[in-house]
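The chain contents come next:
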Amino acid sequence: FRPSQSDIFHFDFWYKGYNILRDGGSFSYNTCQENNIYFSGIKSHNTIQFDDQDPMAKMGNFLWGNWINAEKVVVSSNKSHFFVSASYKLKYGLHKRSIKMNFGEKIWLIEDFVENKMKFVTLRWRLHPTNWSIKGNELNSSLISMKILSNDNKAKISLTSGWESIFYNNKEIIPICEFKSFKKNVLFKTIIKLK
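What you are looking at is a predicted structure, and each value in this text was computed from that prediction instead of being measured.

A. Structural detail: a nonpolar patch on the surface. A cluster of nonpolar side chains, namely Tyr29, Met59, Phe62, Leu63 and Tyr168, defines an oily patch on the protein surface of about 560 Å² accessible area. Note on placement: phenylalanine 62 falls in the loop between β4 (57–59) and β5 (63–65). Overall, phenylalanine 62 belongs to the partly exposed group, its relative accessible area being 47%.

In C-alpha cells form, the structure reads like this:
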C-alpha cells in the first residue's frame, strides 16, 4: 500500500551475519532528483528491470504511482524446504519469480521468467562489498558462489559497480552483477551455493 520503494520482487540475502545480496538504502530524504530516483528505484534492488525503466511512475520524493500487484502468489515451507512464487504484468511485459531452498543442501535457486516487450531486460544482483571473482557465468566470494544460467546464449554478464547508502546522507560504491538479455522470452536461473 502506497509503496515508497520500486522494489517489486526484491531478494535480500543474509548469510553468517553478512548482507550478501542487498538493496541500496535510502541515502537522503532531501537530495537531488537523480539520487532520489536511484535509491528508491529499481536499479537499487535485486530484481528484473525492463530497459532502463522503473516499473512504477515516481510521484514526488516519497511515493510511486501505477502500483504493481503481484499475481499467483504461492508460498510453501516445512522442515526441509522453502518455496515462494509470484508474477506481475505491466505494459513492458511479465515477470515471474520463484525462490526455492532445500535446507539440507545449502543451495538457493532463484528463477526469473520474463516476457519482454522492450529492447532488453537486466537481472541485477547488488553484492556485499568484498572480493568477488567472475569466470564465465559464475561469481565467487569467500562466503558464496553464484552461478547465473539463461536460455539466452547471447546474454551478457558483467561485474560493475553502483551506489549504496547504509548511513543517512552517506553513499559508497559496491559491486553489482548484471545479466542482460535482448531476448523476448528469457529465463534466468541464479544458483547460490553457501560455503
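B. Spotlight on the environment of lysine 16. By the secondary structure assignment, lysine 16 is in the loop between β1 (13–15) and β2 (18–21). Note on lysine 16: relative accessible area 56%, which makes it exposed. The spatial distance from the C-alpha of lysine 16 to the C-alpha of proline 55 is 33 Å, given a sequence separation of 39 residues. With residues near it in sequence (within four places) discarded, lysine 16 still touches Leu143 and Lys195. Only 3.5 Å separates the side chain of lysine 16 from the backbone oxygen of lysine 195, close enough to count as a polar contact.

C. Expanded view of the pairing of strand β9 (residues 107–116). Bridge count between strand β8 (residues 93–102) and β9: 10 bridges; the pairing is antiparallel. Paired with leucine 94 across the bridge in β9 is glutamate 115. Here β8 folds back onto β9 in antiparallel fashion, the turn holding 4 residues, of which lysine 106 has a positive phi close to 55 degrees. Taken together, the 9 bridges between β9 and strand β16 (residues 185–194) define a ladder with antiparallel strand orientation. The partner of aspartate 112 across the bridge, within β16, is phenylalanine 188.

Rules of the game
- Residues numbered from 1 in each chain as written.
- Predicted model: local features only at pLDDT ≥ 70, side-chain atom pairs only at ≥ 80, totals over all residues.
- Heavy atoms only, no water.
- Patch = residues over 30% accessible without salt bridge, like charges linked within 9 Å, V, L, I, M, F, W, Y side chains within 5 Å.
- Areas by Shrake-Rupley, 256 points an atom, 1.4 Å probe, with all protein chains shown as cover.
- Salt bridge = Lys/Arg side-chain N within 4 Å of Asp/Glu carboxyl O.
- Helix = DSSP H or I, 4+ residues; strand = E, 2+ residues; numbered from the N terminus.
- Buried < 20%, exposed > 50% of the residue type's maximum accessible area, 1.4 Å probe, protein only.
- Contact = heavy atoms within 4.5 Å.
- Polar contact = N/O pair within 3.5 Å; in protein donor to acceptor, adjacent residues only side chain to side chain.
- Pairing = 2+ DSSP bridges.

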